[in-house]
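Spelled out from the first residue to the last, the chains are:
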Amino acid sequence: MGGERKGEPTHVLFVEDDDVIREATQLALERDGFVVTAMPDGLKGLEAFRSDRPDIALLDVMVPGLDGVSLCRRIRDESTVPVIMLSARADSIDVVLGLEAGADDYVTKPFDGAVLVARIRAVLRRFGHAGGAAAASGAAEEGLAPDHGSLRFGDLEIDTDGMEVRKGGEPVGLTPTEMRLLLEFSSAPGSVLSRDKLLERVWDYGWGGDTRVVDVHVQRLRTKIGQDRIETVRGFGYKLKA
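Computed from a predicted model, the values in this text were never measured in an experiment.

Rules of the game
- Residues numbered from 1 in each chain as written.
- Predicted model: local features only at pLDDT ≥ 70, side-chain atom pairs only at ≥ 80, totals over all residues.
- Heavy atoms only, no water.
- Pairing = 2+ DSSP bridges.
- Helix = DSSP H or I, 4+ residues; strand = E, 2+ residues; numbered from the N terminus.
- Axes fitted to C-alpha atoms, helices over the stretch in contact; angles between N-to-C directions.
- Left-handed = near helix turned anticlockwise from the far one by under 90°.
- Contact = heavy atoms within 4.5 Å.
- Nonpolar A, V, L, I, M, F, W, Y, C, P; charged D, E, K, R; others polar.
- Polar contact = N/O pair within 3.5 Å; in protein donor to acceptor, adjacent residues only side chain to side chain.
- Buried < 20%, exposed > 50% of the residue type's maximum accessible area, 1.4 Å probe, protein only.
- Parallel < 35°, antiparallel > 145°, perpendicular 65-115°, else oblique.
- Core = buried A, V, L, I, M, F, W, Y, C linked by side-chain atoms within 4.5 Å.

Chemist: So what's going on with the sheet that holds strand β11 (residues 170-172)? Residues and values would help.
Modeler: Here 4 strands make up an open sheet; going across it, the order is β8-β9-β10-β11 and the pairing antiparallel. Since the sheet does not close on itself, it has two edges, and those belong to β8 (150-153) and β11, each with one partner. Each adjacent strand pair in this sheet contributes to an overall mean axis angle of 25°, direction not counted. Of the strand pairs in this sheet, strand β9 (residues 156-159) and strand β10 (residues 164-167) are connected by 4 bridges, and their pairing is antiparallel.

Chemist: Give me the environment of D228: which residues, what numbers.
Modeler: Position of D228 among the secondary structure elements: in the loop between α9 (212-225) and β12 (230-233). Between the alpha carbons of D228 and K241 there is a distance of 8.1 Å; along the sequence they are 13 residues apart.

Chemist: So, the packing of helix α4 (residues 93-100) against α9: which residues are in play, and what are the values?
Modeler: Direction vectors running N to C along α4 and α9 enclose 35°, while the axes themselves pass 9 Å from each other. Here α4 and α9 pass one another in a crossing that is right-handed. Residues V95, V96, L99 and E100 of α4 touch α9, and the partners they reach there are R212, V213, V216, H217 and R220. The residue inventory of the contact of α4 with α9, partitioned by class, reads 5 nonpolar, 1 polar and 3 charged.

Chemist: Describe the sheet that holds strand β3 (residues 11-15), with residues and values.
Modeler: With parallel pairing, 5 strands are arranged side by side in an open sheet as β4-β3-β5-β6-β7. Of all the strands in the sheet, the pair left with one neighbour each is β4 (35-39) and β7 (105-108). On average, each strand axis in the sheet is tilted by 20° relative to the strand beside it, whichever way the strands run. Pairing of β3 with β4 involves 5 bridges; the strand directions are parallel. Across the sheet, the residue bridging to L13 is T37, located in β4. Most of the contacts of helix α2 (residues 42-52) go to β3, to which it runs at about 165°, and overall it touches β3 and β4.

Chemist: Give me the lowdown on the side chain of T177, citing residues and values where you can.
Modeler: Summarising the element assignment, T177 is placed in helix α7 (residues 176-186). Within the local environment of T177, its side chain forms a polar contact with the side chain of D104, the two groups lying 2.6 Å apart. Discounting chain neighbours no more than four positions away, the residues touching T177 are D104, F127, V202, W203 and H217.

Chemist: Account for unusual backbone geometry, naming residues and giving values.
Modeler: Cis geometry marks the peptide bond from K109 to P110, where omega comes out at -5°. Note that P110 resides in the loop between β7 and α5 (113-127). For R53, which is not a glycine, the phi torsion comes out positive at approximately 50°. Checked against the element boundaries, R53 lands in the loop between α2 and β5 (56-60). Positive phi, close to 55°, is recorded for M163, a residue that is not glycine. Positionally, M163 belongs in the loop between β9 and β10. Take M163: its relative accessible area is 8%, and that puts it in the buried class.

Chemist: I'd like a description of the packing of α2 against helix α3 (residues 68-78), backed by residues and values.
Modeler: The interhelical angle for the contact between α2 and α3, taken along N-to-C directions, is 20°, at an axis separation of 10 Å. When the interaxial angle is binned, α2 and α3 end up roughly parallel. For the pair α2 and α3, the crossing hand works out as right-handed. Facing G42, G45, L46, F49 and R50 of α2, the residues of α3 in contact are L71, R74, I75 and E78. Within the contact of α2 with α3, the residues separate by chemical class into 4 nonpolar, 2 polar and 3 charged.

Chemist: Would you mind going over the nonpolar core in detail, with residue names and values included?
Modeler: In this structure, L59, M85 and F185 are the most contacted members of the largest nonpolar core, which totals 51 residues. Those residues in contact with F185 that lie beyond four places of it in its chain are L193, L198, V218, L221, I230, Y238, K239 and L240.

Chemist: Go over α7 with me, naming the residues and quoting the values.
Modeler: The element α7 is extensively covered by neighbouring structure, given that 11 of its 11 residues are classed as buried. P176, T177, E178, M179, R180, L181, L182, L183, E184, F185 and S186 are the residues of α7 that are buried.

Here it is as structure tokens:
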């Protein structure tokens, strides 16, 4: 089944205040083998996250109690579990706010159930059921890490065995998406990587997705490893300074 991993079903936390959407989506996900905890507001969603420790969170932006963006921030303060935001408008500032809060991807409403399942599967393929080293280790197995051992770029050190990053000798906490993005850059230092290529390699998009996802994650990565470490090449993409 699509929601299974090593014999255990994937646990999805789904926070959505619309009763019809919440119930229909829950049924669709359960038909695909996922275990779903569905909550109508952000505060109950946060309680469920802390008690159930789901494998992935689907958060509607506009939910009462604690909005989806704020809930995403709270989750990200405690965990690197993958988060997908649900937004009613593709051009909404809420999309960017959600990504800046730490979300890994977003899906625009109304959405087809099969599309949502496909996006969840794509995230789980990238990250596994957890974050951190386990997820990044999966990235290395897929060939994103160029070599085993340690890579150094100025004061930035990447341990591709332990999947740890240090800057100036101090540990840098990266989400699985940020780690995969850094591994992609470090596999071709000095080479320009287009946004479309990064969407394909990091987000597993086989089609043209929203490049804002890339831009926001690059900016988040820059704040952690140094603003000048990743250079913008206007009209083409980004490159890691060797």
